[in-house]
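Read off the chains here:
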Amino acid sequence: MRQHSIPETMKAAVMKEPGHIHIEQQAVPVPKADEVLIQVMAVGVCGSDVHYFEHGRIGRFVVEKPIILGHECAGIVAAVGSSVTRLKHGDRVAVEPGVTCGRCSACKEGRYNLCPDVQFLATPPVDGAFVQYMTIREDMAFPIPDHLSFEEAALNEPFSVGIHAARRSKLAPGTTLAIMGMGPVGLMAVAAAKSFGVERIIVTDLEEVRLEAARRLGATHTINVRNEDALPIIRELTNGQGVDTAWETAGNPKALQTALYSLRRGGKLAIVGLPAQDEIALNVPFIADNEVDIYGIFRYANTYSAGIEFLSSGQHDVMTLITDRYSLEDTQQAMERALHNKSGSLKVMVYPNGMQ
């Protein structure tokens, strides 16, 4: 291992049980031959982190022992393994959090997000990024330009979900898109859609602060579904035809149904959000009669380089999404802030090595 001055121990925010995070001293990990050691500079709090914090599980993934949360991260290469050639000490990088096997059929087809043996940060039993230092395989760390902040680089993770949804649903320039739900993933999906040249981006949410953020990121029309029925407005905006594509990013059954009904004949529906329940009633005759194409979206694959390029272009003011900033020592408060989603809060960020 080639390294510079690195401490022997570090602070880590460990969730001992759901709802309770403790700061511990742990040994700084040593990178394997093909790994790099990252000094973690910024970590976004994701909806999945909040779900584990509140419930201790997401579907088949169950927290059965203490775990470190956090997977939207960026930092500085602090040391490299003996066989690392692409990165060096001091490089600024965004970290793609899912290390796959590279050998299964899904990996060989380029759909490595479907790898059955993926080791994904902060998905039980794999520890995440609420630490001062972490290791990752070299190919999962992507250099970022000097003008891109660590916060923006960390947001490349949820941004990648939007890029993947755009590619899966064959999003094309000049088309119309409806996005249901303006949480952090939905907001980054707006930015992704703008990058793909969508002509009209119609979004819905219950909170005006989120709709305002969506407008800043490129949404052309916003609908507050607390006060308005989205469907007639979408029909009016599309001359009665419906949108070409709809994405559901909220994990809400009603929003999914609205997304379906907002489509034109032959439209495309991407399911990004995960609802609390496994089964939701959908109108099968409507799907069949209109030849609706439905795409499941699971994380992303082959998006990180494109995401960094998009975010580095300066056309996306994603820093406006970061409304709450916490030190590693205050990770408990950061998680509670994200959980309760107080008015005015959009994206919570944690800084394991201090705010820059």
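What you are looking at is a predicted structure, and each value in this text was computed from that prediction instead of being measured.

*Asks:* Just to check I follow, could you spell out the nonpolar core for this structure?
*Replies:* Taken as a class, soluble globular proteins show a tendency for nonpolar side chains to be buried jointly. Counting residues in hydrophobic clusters, the biggest one holds 51 residues, and the most contacted among them are Ile179, Met182, Leu187, Val190, Val203 and Trp247. Considering every element that reaches this core, the biggest residue donor is helix H5 (residues 184-195), with 7 residues. Not counting residues within four places of it along the chain, the set of residues in contact with Trp247 comprises Gly162, Ala165, Ala166, Ser169, Leu171, Leu177, Ala178, Ile179, Met180, Ala189 and Ala270. In terms of nonpolar packing, the next biggest core, distinct from the first, is built from 47 residues, Val36, Ile38, Ala78 and Met134 among them.

*Asks:* Teacher, can you tell me more about the pairing of strand E14 (residues 200-205) here?
*Replies:* Every regular strand shows the same layout, with side chains that alternate between the two sheet faces. Counting buried residues along E14, 5 of its 6 residues qualify, which places the element largely inside the surrounding structure. With 5 bridges connecting them, strand E13 (residues 176-180) and E14 associate as parallel partners. Residue pairing for E14: Thr176 is matched across the bridge by Arg200. Each parallel crossover has a hand, and the one from E13 via H5 to E14 is right-handed. Sheet topology note: the E14/strand E15 (residues 221-224) ladder contains 4 bridges and is parallel. Paired with Val203 across the strands is Thr222, a residue of E15. Taken together, E14, helix H6 (residues 208-217) and E15 form a β-α-β motif whose crossover is right-handed.

*Asks:* What's the story with the layout of surface pockets in this structure? I'm lost.
*Replies:* Rolled over the atoms, a probe as big as a water molecule pinpoints where empty space is left. Reported here for the second largest pocket is a volume of approximately 460 Å³. Forming the walls of the second largest pocket are 20 residues, and the residues nearest its centre are Leu121, Val126, Asp127, Met134 and Thr135. Considering each element in turn, the lining of the second largest pocket owes the most residues, 5 residues, to strand E11 (residues 133-137).

*Asks:* Just checking my understanding: could you explain empty space enclosed by the protein for this structure?
*Replies:* This structure, assessed with the given rule, holds 2 cavities of 30 Å³ or more. Of the voids in this model, the largest cavity is the one considered here, and its volume is about 70 Å³. In terms of residue class, the lining of the largest cavity is made up of 4 nonpolar, 3 polar and 2 charged. Around the second largest cavity, the lining residues are Leu155, Pro184, Leu187, Met188, Leu321, Leu346 and Lys347. Considering every element that reaches the lining of the second largest cavity, the biggest residue donor is H5, with 3 residues. Of the residues belonging to the lining of the second largest cavity, the class tally is 6 nonpolar, no polar and 1 charged.

*Asks:* Would you take a moment to explain helix H10 (residues 304-312) for this structure?
*Replies:* Each full turn of the α-helix corresponds to 3.6 residues, which orients residues three or four apart in the same direction. Within H10, the full set of buried residues consists of Tyr304, Ala306, Gly307, Ile308, Leu311 and Ser312. In this structure, the buried residues of H10 make contact with strand E8 (92-95), strand E12 (141-143), helix H3 (150-154), helix H4 (156-168) and H5. Downstream of H10 by a residue or two, Gly314 has a phi angle that is positive, lying close to 85°.

*Asks:* Just checking my understanding: could you explain the sheet that holds E13 for this structure?
*Replies:* Consider a sheet: its strands pair through backbone hydrogen bonds, and that pairing is either parallel or antiparallel. In spatial order, the strands read E15-E14-E13-E16-E17-E18; together these 6 strands make up an open sheet with parallel pairing. Of all the strands in the sheet, just E15 and strand E18 (293-296) have a single pairing partner and so form its edges. Ignoring strand direction, the axes of neighbouring strands in this sheet form an average angle of 15°.

*Asks:* Before we go on, may I ask you to explain the packing of H4 against H10 in this structure?
*Replies:* Where H4 meets H10, the axes come as close as 9 Å, and the angle between the chain directions of the two elements is 110°. Considering their axes alone, H4 and H10 lie roughly perpendicular with respect to each other. Facing Asn156, Glu157, Phe159, Ser160, Ile163 and Arg167 of H4, the residues of H10 in contact are Tyr304, Ala306, Gly307, Ile308, Phe310 and Leu311. Per-class residue counts for the contact of H4 with H10 are 7 nonpolar, 3 polar and 2 charged.

*Asks:* In this structure, what is going on with the environment of His164? I would like to understand it.
*Replies:* The topology assignment puts His164 in helix H4. The exposure class of His164 is buried, given its relative accessible area of 10%. Non-local contacts of His164, meaning those with residues more than four positions away in its chain, are made with Asn113, Ile297, Phe298, Arg299, Tyr300, Ala301 and Thr303.

*Asks:* Teacher, can you tell me more about the environment of Ala334 here?
*Replies:* The residue Ala334 is located in helix H11 (residues 331-340) in this model. Classification of Ala334 as buried rests on a relative accessible area of 0%. Residues in contact with Ala334, not counting those within four places in the same chain, are Tyr326, Val348 and Val350.

The rules behind the values
Residues numbered from 1 in each chain as written. Predicted model: local features only at pLDDT ≥ 70, side-chain atom pairs only at ≥ 80, totals over all residues. Heavy atoms only, no water. Core = buried A, V, L, I, M, F, W, Y, C linked by side-chain atoms within 4.5 Å. Buried < 20%, exposed > 50% of the residue type's maximum accessible area, 1.4 Å probe, protein only. Helix = DSSP H or I, 4+ residues; strand = E, 2+ residues; numbered from the N terminus. Contact = heavy atoms within 4.5 Å. Pairing = 2+ DSSP bridges. Right-handed = clockwise from strand over helix to strand, strands pointing away. 1 Å grid on protein atoms, 1.4 Å probe; cavity = no way out; pocket = protein on both sides within 12 Å on 5 of 7 lines; lining within 4 Å. Points joined across faces, edges and corners; volume = space filled by probe spheres on them. Nonpolar A, V, L, I, M, F, W, Y, C, P; charged D, E, K, R; others polar. Axes fitted to C-alpha atoms, helices over the stretch in contact; angles between N-to-C directions. Parallel < 35°, antiparallel > 145°, perpendicular 65-115°, else oblique.

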